[in-house]
Amino acid sequence: RDGLLVAQPFDARHATFSGPAVSVAPQLENWAFREIANFSVSASADLLVYRPAPVGWNRVEWFDPVKGEATTLFGPGAYRQVRFSPDGRQILIERDQTDNSLRDLWLYDIAAKSWSRISARPDVHYSFAWSPDGARIAYEGITEPFATIASLDRTQSQTLREPRVNLILDWLSNGTFLGSRQVGRTGWDLTVSALSGGTLDPHALLATPADESSPRIAPDGRLLAYVSTQTGRAEVYVARMENVSAPWQVSQSGVWVDLQAHVGPMAWDRKSGALYFADAARHLNSVSVTDGSSVKIGRPTLVAGAPDNIVALDVAPDGRLLLLCDESPAQAPLEVIEHWTTRAATSR
């Protein structure tokens, strides 16, 4: 529950709870998309073993790909996904709370060097997108069946019903939203969501037996980049929006995907049309993509001078990149609690 391990008396015969839930262990390593966490109990129910939630420390770097130079914007902190406003003056960024594994969505004004919180309540994970004109923000947490569209000046806000685990990842010029959704039969699929009254209604854009995720629309709106596991590992693909089922493979040696957010670090350069992505080793790559009578894709190359351990990225209108680079400590050890049922009963 929100990253905590809780215990609650349960009547298996009648499939009902019979008492209050109590906290058994602090923040656990968990994957919210499937409501699972890393813990187990012994057959005697006397021992509980779990792994604490990893501490996600990242530094945020400005990177100039022309000069091959990086400068630090933020020192080590609990930052996640990042998206520039269309004018490049502000950044939407997901940040962990300091005392638990929940997160908030924040807006950072680059010139003023000021922060303001966007989300009204913390969640396990947020997905979000800017409107094409930069006047509004669409976002949603994965634990609630609704999304929010808010004006940047905070004067207007609209709450929309939507299915759970439908990520909002890009905002198209026609007012619909690109995203990905977890489906029982086909795994992760690409979706297009349209406003219908007070509901955000997702429809499948690409649904295959593989997992498709991380959609990013090209600046001209014609090409779509996304990640798919159709070869058995995550790779980047590019397709025309009118024919997404006929893609071209871009990466050749795998790409990295953040399983906590189920988003891969990938973004288009609005100046050159190049596509940036982090490979399986979390190194920055770029590839030229030209859309004419046919789509021509160059060979992916490592970007000289770029920091490593990239977990998220976006490209500013002036061509500079914002890179989130992992500085997390080594994986946490397993923790063991003895006589956990007695402790839980005592807590009640």
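**Student:** Explain the overall build of the protein residue by residue, including any values.
**Tutor:** Looking only at helices and strands, the protein features one helix and 35 strands. For a compact globule of 348 residues, the expected C-alpha radius of gyration is about 20 Å, and the protein comes in at 21 Å, within 12% of that figure. Taken over the C-alpha atoms alone, the protein extends approximately 70 × 45 × 45 Å along its principal axes. When contacts within the protein are restricted to residue pairs at least 6 apart in sequence, long-range pairs at least 24 apart make up 43% of them.

**Student:** Provide a residue-level description of the sheet that holds strand E13 (residues 103–109), including the pertinent values.
**Tutor:** Taking strand neighbours across the sheet as the criterion, the four strands line up as E11-E12-E13-E14 in an open arrangement whose pairing is antiparallel. Whereas interior strands pair on both sides, the edge strands pair on one side only; in this sheet they are strand E11 (79–84) and strand E14 (114–117). Between one strand axis and the next, the sheet turns through 25° on average, direction left out of account. Strand direction decides the pairing type here: E11 and strand E12 (residues 90–96), joined by four bridges, are antiparallel. Pairing of Phe 84 across the sheet is with Ile 91, part of E12.

**Student:** Any details on the pairing of E12? Residues and values, ideally.
**Tutor:** Counting buried residues in E12 gives six out of seven residues, a clear majority hidden from the surface. Relative to E13, E12 runs antiparallel, the two sharing seven bridges. The residue bridging Arg 95 from the neighbouring strand is Asp 104, located in E13.

**Student:** Account for the pattern of salt bridges, naming residues and giving values.
**Tutor:** Where side chains of opposite charge bring their charged atoms close, a pairing between them can arise. Considering all chains together, one arrives at 17 salt bridges under this definition. With a shortest N-O distance of 2.9 Å, Arg 80 and Asp 96 are connected by a salt bridge. Separated by 16 residues along the polypeptide, Arg 80 in strand E11 and Asp 96 in strand E12 bring together distant segments of the chain. Both residues of the pair, Arg 80 and Asp 96, count as buried. Across the pair Arg 121 and Glu 144 runs a salt bridge, and its minimum N-O distance is 3.8 Å. Here Glu 144 lies in the loop between strand E16 (136–141) and strand E17 (146–151) and Arg 121 lies in the loop between E14 and strand E15 (126–130), a separation of 23 residues in the sequence. Since its relative accessible area comes to 32%, Arg 121 is described here as partly exposed.

**Student:** Go over the sheet that holds strand E9 (residues 58–64), please, and point to the residues and values.
**Tutor:** The sheet built from four strands is open, its strands ordered E10-E9-E34-E33 with antiparallel pairing. If you trace the sheet from one side to the other, it starts and ends with strand E10 (69–77) and strand E33 (310–315), each paired once. Pairwise comparison of adjacent strand axes, ignoring direction, gives a mean angle of 20° for this sheet. As defined by bridge partners, E9 adjoins E10 across six bridges and the pair is classed as antiparallel. In the sheet register, Asp 64 faces E10, and the bridge partner there is Glu 69.

**Student:** How would you sum up the side chain of Asp 104? Please name residues and give values.
**Tutor:** Summarising the element assignment, Asp 104 is placed in strand E13. With a relative accessible area of 4%, Asp 104 lands in the buried category. A polar contact is formed between the side chain of Asp 104 and the side chain of Ser 119, at a distance of 3.2 Å. Not counting chain neighbours up to four residues away, the residues in contact with Asp 104 comprise Ile 93, Glu 94, Arg 95, Gln 97, Arg 117, Ser 119, Arg 121, Pro 122 and Tyr 126.

**Student:** Which residues make up the packing of aromatic side chains, and what are the values?
**Tutor:** In total, this model carries 11 aromatic pairs according to the counting rule given. Both rings, one in Phe 74 and one in Trp 115, keep their centres 5.1 Å apart while their planes meet at 40°; by these two values the pair is tilted. Here Phe 74 is found in strand E10, whereas its partner Trp 115 is found in strand E14, with 41 residues between them in sequence. Owing to a relative accessible area of 30%, Trp 115 belongs among the partly exposed residues under this scheme. Ring centres of Tyr 108 and Trp 115 lie 4.8 Å apart, and the angle between their planes is 50°; on these two criteria the pair is classed as tilted. Judged by relative accessible area, which is 6%, Tyr 108 ranks as buried.

Rules and cut-offs
- Residues numbered from 1 in each chain as written.
- Predicted model: local features only at pLDDT ≥ 70, side-chain atom pairs only at ≥ 80, totals over all residues.
- Heavy atoms only, no water.
- Helix = DSSP H or I, 4+ residues; strand = E, 2+ residues; numbered from the N terminus.
- Rg over C-alpha atoms; globule rule 2.2 N^0.38 Å.
- Contact = heavy atoms within 4.5 Å.
- Pairing = 2+ DSSP bridges.
- Axes fitted to C-alpha atoms, helices over the stretch in contact; angles between N-to-C directions.
- Buried < 20%, exposed > 50% of the residue type's maximum accessible area, 1.4 Å probe, protein only.
- Salt bridge = Lys/Arg side-chain N within 4 Å of Asp/Glu carboxyl O.
- Polar contact = N/O pair within 3.5 Å; in protein donor to acceptor, adjacent residues only side chain to side chain.
- Phe/Tyr/Trp six-rings, centres within 6.5 Å; stacked < 30°, edge-to-face > 60°.

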